[in-house]
Amino acid sequence: MGRPADAAPWWRDAVIYQVYPKSFADSDGDGVGDLPGIVQRLDHLVRLGVDALWLSPFYPSPQADGGYDVADYCDVDPALGTLADLDALLARAHARGLRVIVDLVPNHTSDAHPWFRDALAAPVGSARRGVYLIRPGTGPDGGEPPNNWQSVFGGPAWTRVDALTGRGEDAGQWYLHTFDARQPDLDWDSPLVRTRFEDVLRFWLDRGVDGFRVDVAHGLVKAEGLPDWDGGATAMVMGGSAHAPGSEVVDLGPMFDQDGVHEIYRSWNRLLASYPGDRAMVGEACVEPAERAARYVRPDEMQQAFNFPFLQCRWDAEALRRVITVSLEADGAVGAPTTWVLSNHDVVRHASLLGWIDTGRSPNGIGADDPQPDAALGLRRARAAALLMLALPGSAYLYQGEELGLPEHTTLPDALRQDPMWFRSGGRERGRDGCRVPLPWEAGRPGFGFGPTGRTWLPQPDDWAALAVDVQDEDASSTLALYRDAIRCRRERALGRGTLAWAQVDGTDPRHVLAFRNGDVLVVVNLGEGPVAVPEGATVLLRSDADGAAAGVVGPDCAAWLAVA
Ligand code: GLC
């Protein structure tokens, strides 16, 4: 898909839909979503009006971390399909005008990856072993880990090599895993790692993918000497942040945001640029402050980086205004668009998160015995948040199911949980399974039409029947209709390519009402408790109120797009 020489590249204002393949649609009835299932449901994405889809990992994997433990970067997991299915998906998506980006997981492999097997078989000190971060331990006989780092999922970040090989010469040797023990970290100082990944990029670019989502983009390079760190590893990963958005001083420790990582993205930028079309990378770079995050989207690095401070922001007008302003300024300073996102496969779905009165909380999952969110409040705010996000200049990512207003599964039985976070934290963290539940397509069918047999690899809550695609399809007041209308209107008015100017609606308090102009659209988000009157002369283009709010006002926790002169 080429573009006229004077047009901006597609990714600057694209709406991109994240598909979590295991949970999108199942074609063969085994209860696990697959690539042919995605092809069967492509119409849904076309009608939604998105520009592209991002596929979370579909590679061969023991599934120790939902596919983010990759055992072969250049193939498809048999449970999800074949390379031919992937080619068919690319062809069908492209024919419908949808671009496709795939997930690249360069920080670590699966312990089942042949590179790791090869490294373990290779002599201590050899180049092949040097593909991974394998280091001698400390203390008598190296019996203690090389440093005190903790895994993001809980527990130590090091595991003994001899526990896997049983070889005497490996006694006292340890391998690093920032995440699960079955996800050994690669050593990006190794030239072999760099050339192998260039080959992986070429493999997918040659097949026609439009780009890559780069997993843990801020983590590939570790500080020289791997020094101890007492700050914890969970502060800035997977959309999490221990800091108020826009806070000044953030030390991410020796595992994250090292300067050396940028050279990798510069080299990949050159590689992508050697292909026709506008191939793009989006980084999962959980980095603050915004100026540091913007370094990942400098003109010769990645094209996009998720705005996690926005995803994490409290439902509070002043906090949102601050995070939006700070991000636009920091990204604008390097000439990059901002990439907005409200949910993904790592966080509690925002329709549930926003249903807590205390919206500053960002737990790793919700369980049946936790305080339960207010579903109606959460949905009302989620619809308003969608209108806020889709009116902002830049690109936006949707996570599958948010267009249905899906909440988190907050009462999933613990016995069914699969997230390594749940196991490694000893059950302290519920983990991310609750946002990965198979989608409801057809209310009247078993498994809500997820697949032909009704099987689903995680159970769906009964009340999702009311949220199924076929139910919302014909309902003009549904969340699905709101997303379709918003994406169409955003495109017609080129909001993604516009400019934001903060505004104030007469008679309202900016502490409770967020308002801005983007082109000829005035966006009003009411985060207060009373109604906000639509300004004189403005025409309502779109509103998030589903429940017949009085014409002429924007209700509490609702948003509207208004046409103004
Ligand atoms: C990223 C992924 C997450 C995964 C982790 C380790 O944060 O989004 O799902 O667990 O990386 O690969």
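The following paragraphs examine the structure supplied in this document.

Thresholds, definitions, all that
Residues numbered from 1 in each chain as written. Predicted model: local features only at pLDDT ≥ 70, side-chain atom pairs only at ≥ 80, totals over all residues. Heavy atoms only, no water. Helix = DSSP H or I, 4+ residues; strand = E, 2+ residues; numbered from the N terminus. Buried < 20%, exposed > 50% of the residue type's maximum accessible area, 1.4 Å probe, protein only. Polar contact = N/O pair within 3.5 Å; in protein donor to acceptor, adjacent residues only side chain to side chain. Near = heavy atom within 4 Å. Areas by Shrake-Rupley, 256 points an atom, 1.4 Å probe, with all protein chains shown as cover. Nonpolar A, V, L, I, M, F, W, Y, C, P; charged D, E, K, R; others polar.

1. Focus on unusual backbone geometry
Then step 1. The peptide bond linking Glu288 to Pro289 adopts the cis configuration, its omega dihedral lying at -5°.
Then step 2. Here Pro289 is to be found in the loop between β8 (280–283) and α8 (290–294).
Then step 3. At Gln63, a position not held by glycine, the phi torsion is positive, near 65°.
Then step 4. On the secondary structure map, Gln63 appears in the loop between β2 (52–55) and α3 (83–95).
Then step 5. Gln63 sits in the partly exposed class, given a relative accessible area of 27%.

2. Points about the side chain of Ser56
Then step 1. Topologically, Ser56 is positioned in the loop between β2 and α3.
Then step 2. The class for Ser56 is buried, based on a relative accessible area of 1%.
Then step 3. Of note is the side chain of Ser56, whose polar atom sits 3.1 Å from the side chain of Tyr68.

3. Quick look at the site of the ligand
Then step 1. Taken together, 15 residues form the shell around the ligand, and within it Asp65, His108, Asp215, Glu284 and Asp346 come nearest.
Then step 2. Between the ligand and Arg213 there is a distance of 3.0 Å, counted from an oxygen atom to a side-chain nitrogen or oxygen.
Then step 3. Contact distances for the ligand include 2.5 Å between an oxygen atom and a side-chain N or O atom of Asp346.
Then step 4. Summarising the interface, the protein chains cover 100% of the accessible area of the ligand, which totals 310 Å² for the free molecule.
Then step 5. Residue classes in the shell around the ligand are distributed as five nonpolar, three polar and seven charged.

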